[in-house]
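So the chains spell out like this:
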Amino acid sequence: MIYLKLIWAYLKIGLFGFGGGYAMLALIEREIVGPGWITQQMFTDIVAISQMTPGPIGINSATYIGYVAPSQYSEAFASPLFGILGSLLCTLVVVLPSFVLVAFTSHLIRRHKDSTVVKGIFAGLRPVVVGLIASAALLLMNTANFGEESYQMIWSIVICFAAFIMVYKMHLHPILIICLAGLGGWIIY
């Protein structure tokens, strides 16, 4: 059944997703798009929606994927109630490993925070997290995001560069940038 598969996939994502939502993206893509529960285009849209909504990207994407995956899996699960059940299950399961891990280890980490072993573990995790976030950036550099035509790629890079300049140099509010980028994309494409 799709729910057991989603639970297993999000249990793995929650357990091995170090570094937050962006670091989880490659694992989410492999576990969810790989079996064909959603398309690459839907995954790209989910990432964009998860970035724009409040809350962690990993949890937002779990909620959304849990809602749409059952109906994509089978027409028998096309009811919104099946989607709501999928959303609840995926959201709870993705946070469960972190919750349990923090609940059981917080006392030990706080007690041994000055230990060379604990410092070494966290020092070793930092480059891994940076690598996972870089892999997420590379994962999102695909035709679903930049288009198959060369003019689409050029316009996407122009919009990205303009958004960066507007935030970094002009200090415009990020929500305004999101709206302007969406308007620009709608006009161009």
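Residues take numbers from 1 onward in each chain, read along the sequence in its written order. Predicted model: local features are reported for residues with pLDDT of at least 70 only, side-chain atom pairs are reported and counted for 80 or more only, and whole-chain, interface and lining totals are derived from all residues. Hydrogens and water molecules were not included; the side-chain quantities draw on all heavy atoms of the structure.

Draft legend 1. Region of interest: helix 3 (residues 40-52). Every helix listed is a DSSP run of H or I at least four residues long, and every strand listed is a run of E at least two residues long, numbered separately from the N terminus. Expected helix span is given by 1.5 Å per residue-to-residue step, counting one fewer step than there are residues. Look at helix 3: 19 Å from first C-alpha to last across 13 residues, which is about the 18 Å you get at 1.5 Å a residue. For every residue, the accessible area (1.4 Å probe, protein chains only) is compared with the maximum for its type, and the residue is labelled buried under 20%, exposed over 50%, or partly exposed between those bounds. For helix 3, the full list of buried residues reads F43, T44, I46, V47 and S50. The arc that holds the buried residues of helix 3, viewed along the axis, is 160 degrees, so those residues lie on one side. Arc, as used here, means the arc of the directions from the helix axis to the C-beta atoms.

Draft legend 2. Expanded view of a nonpolar patch on the surface. Residues enter patches when they are more than 30% accessible in relative terms and free of salt bridges; like-charged ones are connected within 9 Å and nonpolar ones (Val, Leu, Ile, Met, Phe, Trp, Tyr) within 5 Å. Using a 1.4 Å probe, the Shrake-Rupley method yields the accessible areas, and only the shown protein chains count as cover for residues. One side-chain nitrogen of Lys or Arg within 4 Å of one carboxyl oxygen of Asp or Glu is enough to make a salt bridge. A cluster of nonpolar side chains, Y151, I154, W155, V158 and Y189, forms an exposed patch at the surface whose accessible area comes to about 520 Å². Within the secondary structure layout, Y189 lies in the segment after helix 9 (174-188).

Draft legend 3. Focus on the pattern of salt bridges. Inspection of every chain in the model, using the stated rule, returns two salt bridges. The salt bridge partner of K12 is E31, with a shortest N-O separation of 3.0 Å. Within this pair, whereas K12 is found in helix 1 (residues 2-16), its partner E31 is found in helix 2 (residues 21-33), the two being separated by 19 residues in sequence. A salt bridge links E31 to R30, with the nearest nitrogen and oxygen atoms 3.2 Å apart. On the basis of relative accessibility, which here comes to 10%, the residue E31 falls in the buried class.

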